[in-house]
Every structure is written in C-alpha cells, then in structure tokens.
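Residues per chain, in single letters:
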Amino acid sequence: MKIAIGCDHGGLEHKNAIKEHLSSRGFEVCDFGIYEQVSVDYPDIAVKVAGAIKNKECELGILVCGTGIGMSLAANKVKGIRAAAVSEHFSAKYTRLHNNSNILCLGGRVIGVGTALELVDLFVDTEFEGGRHATRVDKITAIEEIN
Ligand code: RB5
C-alpha cells in the first residue's frame, strides 16, 4: 500500500517518525514535506496529500499539524477526501471501519509520537466495513456532488 504523508511546522517530528515507522513496516511512503523546521501554511501541504489520494497515486494519507484540525479542514475541501482529526485509539479505528476515511489528521501538539504511531497503525490496518456504512458514506459523497 502507498501512503501519502505531510505536515506543517507543528508536526515535523511526528511526520518523520511516522515515515520511518511505515517504511519499516513495508509501506511505500510518499512524503510531501515539510522536510525541515520552517513555518508553512498547512493548507499548502494538505492539498498535496489530498491530491495524491484523489488522483489515486496513494491509497491513504496521514497529515500532521499542531492540532490536526487545520489539516482536516483543508483536506476535506478536496473532492473524494474524508479526512478525520483524531487523538485517540477508538476513533482511529472506527473512522476507517465506519467512515471509510482516507486521511488521518494528527495533532503534533496534542499527542506524543508514541501515541501517533499507534493511531497510524490502527488506521492503516483497519478495512472499511461497508454495508449500512457504505450507504451513509455515499450520502456524504452526494452532499459533495450537490454543493
Ligand atoms: C500552526 O501554528 C498551527 O496553527 C497549525 O499547525 C494547526 O494547528 C492548525 O490547525
């Protein structure tokens, strides 16, 4: 599986640890930056990772900013993106199972690196359940089409 990752200055340490962790697990990682501790605008990174999911270059994405919220707001503006800002284990699993989320957004100032890696594992290892949840996700897509 190919996974797109990116961060702003609030998430560089976490992003680098996630990259190393996913690579060591055998995933192919596409790193959209940042690569050094410089101040950037999180939408500029979010749109790159979201674009890689939208054009099917990558299957899932991980974005890290200070809270995870700015990244999720920006990524969710891209058609076909379901980005979830998550800081605990239950949601990391269920946003794949029930929402078929394709981007996990984490807060580098909210959770430690160890927790971030556990949430990433839950996210990438969980498959969408489909069934009644597919009907609901289809309704999200329909909102996107109409608006
Ligand atoms: C940057 O200082 C901070 O606003 C950003 O990382 C993020 O938390 C936004 O949601």
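Before any of the text, the structure's been laid out above.
Student: What's the story with the site of the ligand in this structure? I'm lost.
Tutor: Contacts to the ligand come from D8, H9, Y42, C65, G66, T67, G70 and R109. One nitrogen or oxygen atom from the side chain of R109 is found 3.3 Å from an oxygen atom belonging to the ligand. Protein contacts shield 71% of the accessible area of the ligand, which totals 290 Å² for the unbound molecule. Its residues assigned to classes, the shell around the ligand shows two nonpolar, four polar and two charged.

Student: Hey, could you run me through the packing of aromatic side chains in this one?
Tutor: Here the distance between the centres and the angle between the planes together describe a pair of aromatic rings. Under the criterion given, the structure shown has one aromatic pair. With a centroid separation of 4.3 Å and 15° between ring planes, the pair formed by F90 and Y94 is classed as stacked. Taken as a pair, F90 and Y94 lie in helix α4 (residues 89-97) at a separation of four residues, close to a single helical turn. Taking relative accessible area as the criterion, F90 reaches 54% and is therefore assigned exposed.

Student: Hey, could you run me through the sheet that holds strand β3 (residues 60-65) in this one?
Tutor: Backbone hydrogen bonds are what pair the strands of a sheet, in a parallel or an antiparallel way. Read from one edge to the other, the open sheet built from five strands follows the order β2-β1-β3-β5-β4, with strand pairing classed as parallel. Each edge of the open sheet carries a strand with a single partner, namely β2 (28-31) and β4 (83-85). The sheet shows a mean angle of 20° between the axes of neighbouring strands, direction not considered. The pairing of β3 with strand β5 (residues 103-107) spans five bridges and is classified as parallel. When the sheet's bridge partners are listed, L63 is paired in β5 with C105.

Student: Honestly, unusual backbone geometry in this entry has me stumped. Any pointers?
Tutor: Peptide bonds are trans in most cases, and residues, glycine excluded, mostly fall at negative phi. Cis geometry marks the peptide bond from G33 to I34, where omega comes out at 5°. By secondary structure assignment, the location of I34 is in the loop between β2 and α2 (42-54). Positive phi is not limited to glycine here, since K56 has a value of about 65°. We classify K56 as exposed; its relative accessible area is 72%.

Student: What should I look at first to understand the environment of V113 in this one?
Tutor: Of note, V113 is situated in helix α5 (residues 113-125). The exposure class assigned to V113 is partly exposed, which follows from its relative accessible area of 24%. Ignoring any residue separated from it by four or fewer positions in sequence, one finds V113 in contact with E13, H14 and A17.

Student: Explain the packing of α4 against α5 to me, please; I cannot follow it from the model alone.
Tutor: Angle between the axes and distance between the axes: these two values describe a pair of packed helices. α5 packs onto α4 with a crossing angle of 25° between their chain directions and a minimal axis gap of 8 Å. It follows that α4 is roughly parallel to α5 by the angle criterion. By crossing handedness, the relation of α4 to α5 is classed as right-handed. Mapping the contact onto sequence places H89, A92, K93, T95 and R96 in α4 and T115, E118, L119, L122 and F123 in α5. Taken together, the residues that form the contact of α4 with α5 break down as four nonpolar, three polar and three charged.

Calculation notes
Residues numbered from 1 in each chain as written. Predicted model: local features only at pLDDT ≥ 70, side-chain atom pairs only at ≥ 80, totals over all residues. Heavy atoms only, no water. Near = heavy atom within 4 Å. Polar contact = N/O pair within 3.5 Å; in protein donor to acceptor, adjacent residues only side chain to side chain. Areas by Shrake-Rupley, 256 points an atom, 1.4 Å probe, with all protein chains shown as cover. Nonpolar A, V, L, I, M, F, W, Y, C, P; charged D, E, K, R; others polar. Phe/Tyr/Trp six-rings, centres within 6.5 Å; stacked < 30°, edge-to-face > 60°. Helix = DSSP H or I, 4+ residues; strand = E, 2+ residues; numbered from the N terminus. Buried < 20%, exposed > 50% of the residue type's maximum accessible area, 1.4 Å probe, protein only. Pairing = 2+ DSSP bridges. Axes fitted to C-alpha atoms, helices over the stretch in contact; angles between N-to-C directions. Contact = heavy atoms within 4.5 Å. Parallel < 35°, antiparallel > 145°, perpendicular 65-115°, else oblique. Left-handed = near helix turned anticlockwise from the far one by under 90°.

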